[in-house]
Amino acid sequence: MPNLKRTIALAAALSLIVLTSLGALSASAHQQHSPNEVIPMAGKKATQIVRISPFTSSGALKKAWKADVEPRDEDADPDDGIDCSESMSPSFALNDGTYECPPTVLGAYACWSSPKYAGQLLCLNAPGSKTLRSMAVRNLPATTRAPRTPRPLALELADGSRWNLKTGGTYPAHKDGLQGIYLCANKVCSKKRTGKDLAVLSSGGHGVNRSKPVWTVRVGEVGSYDESFPAPKRQKVKKAYFIHNGVG
C-alpha cells in the first residue's frame, strides 16, 4: 500500500507539471500579436457597412427619425429657397438620389429629397444624429448619380473611437504630405490626445485600406503643414457609415 500511495502521488505531480506547461504555452501563443498589429482576417468578421437611410420607400420619415419642420405647403412659391441646381451626389452615397447642395457653408452635405416634403431638402445634422434639418430649395435635380467607389461618411474603429469625415475648410496636415481626412468625434479618441489633435490620415484618396475584409486606417497627430509628427498607427475599422436613398 505505501508503494501504491507513492505511485499515485507521483502521477498527480506529473499531471500538474504537464497542465502548467500547457497553460504557459497557451499564454505565450496569445501574446504573439501586439495590440497595434493588423492580424490576418481569416475567420474574422468583416467591417460592417452601416446605411444611414431616414426615409421609407413612400418618402415618410422612419419612426426613429425626426425633422425640424412639417411638410411644406404644395402651393408655396417655387422660387423660394436656395438655388440647388448644381447639386450632386455626396461622395459617401451608396446609391443614386441623395444630395449635396453647394456651397459647403450651407452644411447641406448629406441630404435627401422626399415627395412628402416638396421644395425642401432634409439634411443630416451629424453622422450620429437622428434629426434632419430642412432647407427650402429650388432647381433641385430630379436625381443624382452616386460615386462608383464611395468613401465612408464616418468610421467606428475597433477601440470604440468615432471619426467623422471633414467636409470643408482647411485640412490639418503633416510636413510629409499626410492630411487629416476624418476628425475625432467622441471621448474615446479625444482622451488619447497628447497636446495635438488626432485624425485619420491619408496621402490622397479616401484614407481607408479596403484590401481585406476588415478595413484599416492610419491614425496620428496633425497640425500645420510645416510640422513633423510620429508615424501614424494602423487601426482596424469596425463600422463604416454611408448614406442611402430608400425613397422608391
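These notes cover the structure that comes with them. Source: prediction; values computed, not measured.

### Focus on the overall build of the protein
Step number 1: Secondary structure assignment for the protein yields two helices and 13 strands.
Step number 2: Buried positions account for 35% of the 248 residues belonging to the protein.
Step number 3: Contacts in the protein between residues at least 24 apart in sequence constitute 61% of all its contacts with a sequence separation of at least 6.
Step number 4: With an accessible surface of roughly 14300 Å², the protein has 54% of that area assigned to carbon and sulfur atoms.

### Concerning the packing of aromatic side chains
Step number 1: For the coordinates displayed, the defined rule picks out two aromatic pairs.
Step number 2: For the ring pair Phe55 and Tyr117, a centre distance of 6.3 Å and an interplane angle of 70° mean the geometry is edge-to-face. A residue pair is termed long-range when its members are at least 10 positions apart, and Phe55 in the loop between strand E1 (48-52) and strand E2 (66-67) and Tyr117 in the loop between strand E5 (111-112) and strand E6 (120-124) qualify at 62 residues.
Step number 3: Where Phe92 meets Tyr109, the ring centres are 6.3 Å apart and the plane angle is 75°; that geometry is what we call edge-to-face. One end of the pair, Phe92, is in the loop between strand E3 (82-83) and strand E4 (98-99); the other, Tyr109, is in the loop between E4 and E5, and 17 residues separate them in sequence. The burial state of Phe92 is the same as that of Tyr109; both residues are buried.
Step number 4: Across the ring face of Trp215, the terminal group of Arg210 is positioned such that the distance to the ring centre comes to 4.7 Å.

### Details of the pattern of salt bridges
Close approach of charged atoms allows side chains with opposite charge to pair.
Step number 1: Evaluation of the coordinates by the stated rule reveals four salt bridges.
Step number 2: Here Lys196 makes a salt bridge to Glu227, at a shortest N to O gap of 2.8 Å. One end of the pair, Lys196, is in the loop between helix H2 (187-190) and strand E11 (197-202); the other, Glu227, is in the loop between strand E12 (216-222) and strand E13 (233-243), with 31 residues separating them in the sequence.
Step number 3: The class for Lys196 is partly exposed, based on a relative accessible area of 29%.

### Some thoughts on the nonpolar core
One recurring pattern in soluble globular proteins is that nonpolar side chains are buried together.
Step number 1: Membership of the largest hydrophobic core comes to 35 residues, with the highest contact counts inside it found for Leu155 and Trp163.
Step number 2: Elements represented by at least two residues in this core include exactly E1, E6, strand E8 (154-157), strand E9 (162-165), strand E10 (179-184), E11, E12 and E13.
Step number 3: Looking at this core element by element, the count peaks at five residues for E13.
Step number 4: In contact with Leu155, other than residues within four places in its own chain, are Ser161, Arg162, Trp163, Tyr182, Val200, Val208, Val217, Val237, Lys239, Ala240 and Tyr241.
Step number 5: The next biggest cluster of nonpolar side chains, apart from the first, holds nine residues, and it includes Cys101, Ala108, Leu121 and Met135.

### Looking at the state of the cysteines
Step number 1: Taken as a whole, this structure holds three disulfides when the rule is applied.
Step number 2: The partner cysteine of Cys84 in its disulfide is Cys101, sulfur to sulfur 2.1 Å. Between Cys84 and Cys101, the S-S torsion sits near -100°, and that sign places the bridge as left-handed. A residue pair is termed long-range when its members are at least 10 positions apart, and Cys84 in the loop between E3 and E4 and Cys101 in the loop between E4 and E5 qualify at 17 residues.

### Points about the side chain of Arg162
Step number 1: Mapped onto the secondary structure, Arg162 falls in strand E9.
Step number 2: Although buried, Arg162 forms no salt bridge, and the nearest oppositely charged side chain, Glu156, lies 4.5 Å from it.
Step number 3: Not counting the four nearest positions on each side in its chain, Arg162 is found in contact with Gly128, Leu155, Glu156, Leu183, Cys184, Ala185, Asn186, Cys189 and Tyr241.

### Observations concerning the pairing of strand E7 (residues 131-138)
In regular strands, side chains alternate between the two faces of the sheet.
Step number 1: Here E2 runs beside E7; their pairing, made up of two bridges, is parallel. Within the sheet, the bridge partner assigned to Lys66 lies in E7 and is Thr131.
Step number 2: In the sheet, E3 pairs with E7 via two bridges, with the strands oriented parallel. By the bridge assignment, Ile82 is partnered in E7 with Val137.
Step number 3: Examined bridge by bridge, E6 and E7 share five bridges and lie antiparallel to one another. Counted as the bridge partner of Leu121 is Met135 from E7.
Step number 4: Between E6 and E7, which pair antiparallel in sequence order, lie six residues.

### Quick word on the pairing of E8
Step number 1: Along E8, one buried face is formed by Ala154 and Glu156 and the opposite face, lined by Leu155 and Leu157, is buried too.
Step number 2: Bridge count for E8 against E13 is four bridges, and the pairing is antiparallel. What sits directly across from Leu155, in E13, is Ala240.
Step number 3: Inspection of the sheet shows E8 paired to E9 by three bridges, in the antiparallel sense.

About the thresholds
Residues numbered from 1 in each chain as written. Predicted model: local features only at pLDDT ≥ 70, side-chain atom pairs only at ≥ 80, totals over all residues. Heavy atoms only, no water. Helix = DSSP H or I, 4+ residues; strand = E, 2+ residues; numbered from the N terminus. Buried < 20%, exposed > 50% of the residue type's maximum accessible area, 1.4 Å probe, protein only. Contact = heavy atoms within 4.5 Å. Areas by Shrake-Rupley, 256 points an atom, 1.4 Å probe, with all protein chains shown as cover. Phe/Tyr/Trp six-rings, centres within 6.5 Å; stacked < 30°, edge-to-face > 60°. Lys NZ or Arg CZ within 6 Å of the ring centre and 35° of its normal. Salt bridge = Lys/Arg side-chain N within 4 Å of Asp/Glu carboxyl O. Core = buried A, V, L, I, M, F, W, Y, C linked by side-chain atoms within 4.5 Å. Disulfide = S-S within 2.5 Å. Lys, Arg positive; Asp, Glu negative; His and termini not counted. Pairing = 2+ DSSP bridges.

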